[in-house]
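Next come the chains, spelled out residue by residue.
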There are 2 protein chains.
Amino acid sequence: MAKSPAPYNIHDYDVPLTTVDSVLFTVHDEKLKVLLVQRGNVPFAGKWGLPGGFIEQGADADLEMCAIRKLKEKTGIAPPYIEQLLSQGGANRDPRGWSVTIVFYALVAHVNCEPHIDSVTDVQWREVSSLSAKELAFDHGQIIQLAHERLQQKALYSIVPAYALPNEFTFTELQALHEVIIGTTLEKKSFRRRIEKAKLLIDTGKSTVARGRPAKLYKVKPEGRAYRFVRNLES
Amino acid sequence: MAKSPAPYNIHDYDVPLTTVDSVLFTVHDEKLKVLLVQRGNVPFAGKWGLPGGFIEQGADADLEMCAIRKLKEKTGIAPPYIEQLLSQGGANRDPRGWSVTIVFYALVAHVNCEPHIDSVTDVQWREVSSLSAKELAFDHGQIIQLAHERLQQKALYSIVPAYALPNEFTFTELQALHEVIIGTTLEKKSFRRRIEKAKLLIDTGKSTVARGRPAKLYKVKPEGRAYRFVRNLES
DNA sequence: AGAATAGTGTCTCTTAGACAGTATGAG
DNA sequence: CTCATACTGTCTAAGAGACACTATTCT
């Protein structure tokens, strides 16, 4: 413990190894996917794990900035939605010793980072439902599951999942996205009704062109980020 | 500290200072209170702040164990409910340099730790509504506010606040507790109805004795800890 | 016209809000 | 008895589920 007047030196302390990791979700081909990075260094060299790493004290003003910096390096863009999930820490989660990871989860539209990811080999989108915890580095499998559960809750009482879509999207796309996240179908009418009543979307005036009736294109209002419905959708 | 090919030395890294802190809530005299500890060391020596401190790598198996150990030292007991709130980290929150704190929030019945706290002078319960952020060490004022907001949400969709009551309690006590946490009055009938329907309480068969009709005493079922109502109470 | 997709009308059912009413004890 | 507190009955309103219906485009 610190002796008062004496100068403080962090290396006098038995500090844990502290890192920041992120679970970046997107949806593509009706599947929920998560970004994985192939590790170059020990431990778990060659294995796939979450994008993240050490804090750079000069470059990162806070934890979220650190997470965003790492994600930018891997995807080429800053995610439009990021939120802290939890921190995992313990004596046995890293072979190098007592370690802590502060974990964020984030959402991004697949089209917005496709080119960057296609250009490298050590980054890939993996379907969440195809993952087994054992194939991933550290406790990253368990962390992805926790992030998925949190995202499922969000899909039941908010429109946060919209940030995994392009800037402009249709009601049907948003509903399909929620359905993929929570793993069930939803009633079209209930879904539209609650979002319309809460006035969370802006009608862009534009429409899609495709087979069938054109669909109106919407954007999320800024307040959609924090809005919470009083009643959950039933899962 | 297993060294693989290249020996790993944590002191080669620019690691942040990592601590664990807790926001321990209780209710007494119809007021929501939080546990504060007077700091003995720099920085902020003499100021009041959250109970917490450094991880002891030998003693703490994980982050939650660390938080519980610190709370036990200050209150004499392990809290019946504890959950991670968030982690705060940044270059400027601690004058010693880049630091991270992993924050838990916890609940305890006032009566269960009264004797231990009354016996020391560097620990006190402080009414949450009387706190100004400026009088506390670090960013602890802001953290307490975030913890309070999270607890308010919990009070709207769960019966987690019950863990701030003694083991056996009445419906009226539970409702009064929820009202103190969210800062409004609630409808008696609605409150009882939803809890009864969800079957979250065990009737102990006992009753209170006091002026007026005796009230039945209940305990929380284990599943009450994780239960989430589909619909929030209106705040 | 017919197929495909977008979007609406409307009935039911559940449950929270409101609040008046009844029950059961102490003094 | 009265008073205080616990607990219930019951009406109303909001909103989700269900699902049949209409609308608008394409080929």
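- In the annotation of an unreviewed UniProt entry, the entry for chain A reads Nudix hydrolase domain-containing protein, and the organism field reads Zhongshania aliphaticivorans.

**Digging into the packing of helix 4 (residues 171-182) of chain A against helix 5 (residues 188-198) of chain A**
Residue and element names in this part refer to chain A.
At step 1: Contact pair helix 4 / helix 5: the axes reach a minimum separation of 11 Å and the direction vectors enclose 110 degrees. Judged by the inter-axis angle, helix 4 sits roughly perpendicular to helix 5. At the point where helix 4 passes helix 5, the crossing takes the right-handed sense. Here helix 4 contributes Phe171, Leu174, Gln175 and His178 to the contact with helix 5, which in turn contributes Lys188, Phe191, Arg192, Ile195 and Glu196.
At step 2: Looking at side-chain class alone, the contact of helix 4 with helix 5 contains 4 nonpolar, 2 polar and 3 charged residues.

**Quick look at the protein's contact with DNA strand C**
At step 1: Close to DNA strand C lie 25 residues, the nearest being Lys188 and Lys189 of chain A together with Arg193, Lys197 and Glu234 of chain B.
At step 2: Here, DNA strand C places atoms within 4 Å of the protein, and 53% of those atoms are sugar or phosphate.
At step 3: For DNA strand C, a phosphate oxygen lies 3.0 Å from a polar atom in the backbone of Lys216 of chain A.
At step 4: In the environment of DNA strand C, a phosphate oxygen lies 3.4 Å from a nitrogen or oxygen atom belonging to the side chain of Ser190 of chain B.

**Focus on the protein's contact with DNA strand D**
At step 1: Among the 25 residues in the neighbourhood of DNA strand D, the closest are listed as Arg193, Lys197 and Arg211 of chain A together with Lys188 and Lys189 of chain B.
At step 2: Take the atoms of DNA strand D that sit within 4 Å of the protein: sugar and phosphate atoms are 54% of them.
At step 3: In this structure, a base nitrogen belonging to DNA strand D sits 2.9 Å away from a side-chain N or O atom of Arg193 of chain A.
At step 4: In the environment of DNA strand D, a base nitrogen lies 2.3 Å from a nitrogen or oxygen atom belonging to the side chain of Lys188 of chain B.
At step 5: When contributions to the surface near DNA strand D are tallied by element, the ones reaching two or more residues are helix 5 of chain A together with helix 5 (188-198) of chain B.

**What to know about the interface of chain A and chain B**
At step 1: Residue-level contacts link 40 residues of chain A with 41 residues of chain B.
At step 2: Counting each side, the surface lost to burial between chain A and chain B is near 3,900 Å², with a carbon and sulfur contribution of 58%.
At step 3: When the buried area of chain A at its contact with chain B is split by residue, Gln57, Arg96 and Trp98 of chain A rank highest and sum to 18% of it.
At step 4: Inspection of the region where chain A meets chain B yields 16 residue pairs in polar contact (both at pLDDT 80 or more).
At step 5: When residues of the side of chain A that touches chain B are traced back to their parent elements, those giving at least two are strand 1 (17-28), strand 5 (81-90), strand 6 (99-107) and helix 3 (140-157) of chain A.
At step 6: Among the elements that take part in the side of chain A that touches chain B, strand 5 of chain A stands out by supplying 6 residues, more than any other.
At step 7: Taken together, the residues of the side of chain A that touches chain B sort by class into 21 nonpolar, 12 polar and 7 charged.

**Here we look at the UniProt feature "domain: Nudix hydrolase" (unreviewed entry) in chain A**
At step 1: The positions UniProt marks with the feature "domain: Nudix hydrolase" (unreviewed entry) are residues 16-148 of chain A.
At step 2: Across residues 16-148 of chain A, the secondary structure splits into 23% helix and 37% strand, with the terminal C-alpha atoms separated by 27 Å.

**Description of the relation of the copies chain A and chain B**
At step 1: Overlaying chain A with chain B gives an RMSD of 0.0 Å, the required rotation being 180 degrees about an axis along which the chain moves by 0.0 Å. The transformation just described matches what one would write down for a two-fold rotation axis. Judged by C-alpha distance, Arg231 of chain A is the residue of chain A that lies nearest the rotation axis, at 2.1 Å.

**With respect to the environment of Arg126 of chain A**
All names here are of chain A.
At step 1: Checked against the element boundaries, Arg126 lands in strand 7 (residues 123-127).
At step 2: Arg126 gets classed as buried once you look at its relative accessible area, which sits at 19%.
At step 3: For Arg126 and Gln142, which are 16 residues apart along the polypeptide, the C-alpha to C-alpha distance reads 15 Å.
At step 4: In contact with Arg126, other than residues within four places in its own chain, are Leu32, Lys33, Val34, Leu36, Leu131 and Glu135.

Calculation rules
Residues numbered from 1 in each chain as written. Chains lettered and ligands numbered in written order. Predicted model: local features only at pLDDT ≥ 70, side-chain atom pairs only at ≥ 80, totals over all residues. Heavy atoms only, no water. Axes fitted to C-alpha atoms, helices over the stretch in contact; angles between N-to-C directions. Helix = DSSP H or I, 4+ residues; strand = E, 2+ residues; numbered from the N terminus. Parallel < 35°, antiparallel > 145°, perpendicular 65-115°, else oblique. Left-handed = near helix turned anticlockwise from the far one by under 90°. Contact = heavy atoms within 4.5 Å. Nonpolar A, V, L, I, M, F, W, Y, C, P; charged D, E, K, R; others polar. Near = heavy atom within 4 Å. Polar contact = N/O pair within 3.5 Å; in protein donor to acceptor, adjacent residues only side chain to side chain. Buried area = accessible area lost by both parts, 1.4 Å probe. UniProt positions renumbered as here; feature names shortened; annotations may be inferred. Least-squares fit on C-alpha atoms with pLDDT ≥ 70 in both. Buried < 20%, exposed > 50% of the residue type's maximum accessible area, 1.4 Å probe, protein only.

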